[in-house]
Amino acid sequence: MTVLITGSRGKVATTLIPLLRELGVAVRAASASPDKLAVPAGVERVVCDLDDPATFPAALAGVESVFLYANPKHIEAFLADAKAAGVQHIVLLSSSSVLEPGADTNAIAAMHSAVERGLERSGIPSTFLRPGGFAGNALGWSWAAKSTGAVDLPYPETQSSPIHEADIAEAALAVLTRPELRGHAYHITGPESLTAAQQVAMVAEAAGRPLTVNPVSAEAWKESTAEFMPAGVADALLSYFASHEGRPDAVTQAVEELTGHPARTFASWAHENAAAFRP
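Procedures and definitions
- Residues numbered from 1 in each chain as written.
- Predicted model: local features only at pLDDT ≥ 70, side-chain atom pairs only at ≥ 80, totals over all residues.
- Heavy atoms only, no water.
- Helix = DSSP H or I, 4+ residues; strand = E, 2+ residues; numbered from the N terminus.
- Buried < 20%, exposed > 50% of the residue type's maximum accessible area, 1.4 Å probe, protein only.
- Polar contact = N/O pair within 3.5 Å; in protein donor to acceptor, adjacent residues only side chain to side chain.
- Axes fitted to C-alpha atoms, helices over the stretch in contact; angles between N-to-C directions.
- Parallel < 35°, antiparallel > 145°, perpendicular 65-115°, else oblique.
- Left-handed = near helix turned anticlockwise from the far one by under 90°.
- Contact = heavy atoms within 4.5 Å.
- Pairing = 2+ DSSP bridges.
- Salt bridge = Lys/Arg side-chain N within 4 Å of Asp/Glu carboxyl O.
- Expected span 1.5 Å × (residues − 1).
- Phe/Tyr/Trp six-rings, centres within 6.5 Å; stacked < 30°, edge-to-face > 60°.
- Right-handed = clockwise from strand over helix to strand, strands pointing away.

*Asks:* Help me understand the side chain of serine 126, please; the structure alone is not making it clear to me.
*Replies:* Residue placement: serine 126 occurs in strand E6 (residues 126–131). For serine 126, a relative accessible area of 13% corresponds to the buried category. A distance of 2.8 Å separates a polar atom in the side chain of serine 126 from the backbone oxygen of isoleucine 124.

*Asks:* I tried to follow the packing of helix H1 (residues 11–22) against helix H6 (residues 165–177) on my own but got confused; where do I start?
*Replies:* Running from N to C, H1 and H6 cross one another at 50°; their axes reach a closest spacing of 8 Å. Taken together, the axes of H1 and H6 are oblique relative to one another. For H1 against H6, the interelement crossing comes out right-handed. Residues Lys11, Val12, Thr15, Leu16, Leu19 and Leu20 of H1 form the contact with H6, whose own contacting residues are Glu165, Ala166, Ile168, Ala169, Glu170, Ala172, Leu173, Leu176 and Thr177.

*Asks:* Just to check I follow, could you spell out the sheet that holds strand E1 (residues 2–5) for this structure?
*Replies:* Backbone-to-backbone hydrogen bonds join strands into a sheet, with any given pair of strands oriented parallel or antiparallel. With parallel pairing, seven strands are arranged side by side in an open sheet as E3-E2-E1-E4-E5-E6-E9. Single-partner strands in this sheet number two, and they are strand E3 (44–47) and strand E9 (185–188). Each strand axis lies, on average, 20° off the axis of its neighbour in the sheet, ignoring direction. Of the pairings in the sheet, the one linking strand E4 (residues 65–69) to strand E5 (residues 89–93) comprises five bridges and is parallel in character. The residue of E5 that forms the bridge with valine 66 is isoleucine 90. Each of E1, E4, E5, E6 and E9 is contacted by H6, which is oriented at about 165° to E6, the strand it contacts most.

*Asks:* Even after reading the chapter, I still don't get the pattern of salt bridges, so can you show me in this structure?
*Replies:* Where charged atoms of side chains with opposite charge meet at close range, the side chains can pair. Tallying each qualifying case throughout the model produces seven salt bridges. With a closest N to O distance of 2.4 Å, arginine 264 and aspartate 167 form a salt bridge. With arginine 264 in the loop between helix H10 (254–259) and helix H11 (266–272) and aspartate 167 in helix H6, this residue pair connects regions lying 97 residues apart in the sequence. Among the residues examined, arginine 264 registers a relative accessible area of 26% and is labelled partly exposed. Residue glutamate 170 pairs with arginine 264 through a salt bridge whose shortest N-O separation is 2.9 Å. Residue glutamate 170 is located in helix H6, and its partner arginine 264 is located in the loop between H10 and H11; the two are separated by 94 residues in the primary sequence. Through salt bridges with shared partners, one network takes in Asp167, Glu170 and Arg264.

*Asks:* Looking at this structure, how should I read helix H9 (residues 231–243)?
*Replies:* Note: α-helices contain 3.6 residues per turn, so residues at a spacing of three or four share the same orientation. With 13 residues, H9 extends 18 Å between its outermost C-alpha atoms, agreeing within 8% with the 18 Å of an ideal straight helix rising 1.5 Å per residue. The complete set of buried residues in H9 reads Ala234, Ala236, Leu238 and Phe241. On its buried side, H9 packs onto helix H4 (107–122) and helix H8 (218–225).

*Asks:* How should I be thinking about the packing of aromatic side chains in this particular structure?
*Replies:* Both the distance between ring centres and the angle between the ring planes are used here to describe each pair of aromatic rings. If you walk through the whole model with that rule in mind, you get six aromatic pairs. Between tyrosine 240 and phenylalanine 241, the ring centres sit 6.4 Å apart and the planes meet at 75°, which makes this aromatic pair edge-to-face. For tyrosine 240, a relative accessible area of 24% corresponds to the partly exposed category. Plain terms: the ring middles of phenylalanine 266 and tryptophan 269 are 5.5 Å apart, the flat faces sit at 25° to each other, and that makes the pair stacked. Of this pair, phenylalanine 266 and tryptophan 269 both sit in helix H11, three residues apart, roughly one helical turn. The pair phenylalanine 266 / tryptophan 269 is uniform in exposure class, with both members buried. Cluster of aromatic residues (ring-pair linked, three or more members): Trp221, Tyr240 and Phe241.

*Asks:* Explain the pairing of strand E2 (residues 26–31) here, please?
*Replies:* Within a regular strand, side chains alternate between the sheet's two faces. Most of E2 sits inside the fold, with five of its six residues counted as buried. As judged from the four bridges shared by E1 and E2, these two strands associate in the parallel manner. Across the sheet, residue threonine 2 finds its bridge partner in E2, namely alanine 26. Regarding topology, H1 serves as the crossover connection from E1 to the parallel E2, and that connection is right-handed. Of the pairings in the sheet, the one linking E2 to E3 comprises four bridges and is parallel in character. Pairing of serine 31 across the sheet is with valine 47, part of E3.

Scope: geometric values only; no functional claims are made or implied.
Here it is as structure tokens:
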């Protein structure tokens, strides 16, 4: 079996690739810039830019399974080429946002829903992994934490069940290598619902330094993210934050069901990444 991994510079993919190689699976690591990939010995690197359909056929040739990041721009062309190449299974890294009310008008959910629908129409057997917020999203606080000792939060009491990227990778490994798990949608989460303020406190404890939560308005937070975050994505996140303020997030057992071990805690992620929050 040869597995094509799209988005091979991402945290989930860089964890998944060596896991597959340890099982002896042939891996083709794909990226718009494959020369920048650092991959284990024996892993083929190929150009596959999900914004450029011309790169699809060569990347898919001889591939049996695909780990796919959600990019709806040319999904129909990608799936047509996958079908022509004889791809037998696609694992989509989707999002739990597709399960939220108003998903059709939420920019993040709409992007993932469009790819899910494309896969359903394609006839290619597909498996959807639907994680909530990644634990690694907290790295977005690192610059402010290091420079000011404070983290700006528009909704400090919003709750989420952050999932460690290693758990997503191990869940992907399971559905790629165990045929009996294929063809389903899995809502995968971390082991507990935490407020944003609680997550900051866990980061502070791990880093061994105080961090202050600075409540800010939604407008101020959106303005502060404008240089690196599209407005539609910022609006979608703010809508999520507001709707989950003071409301526990869903917690599932899907990670343990797929991997055989409980989901890693946010506190464990914080300790692994503590240096990112120290001056």
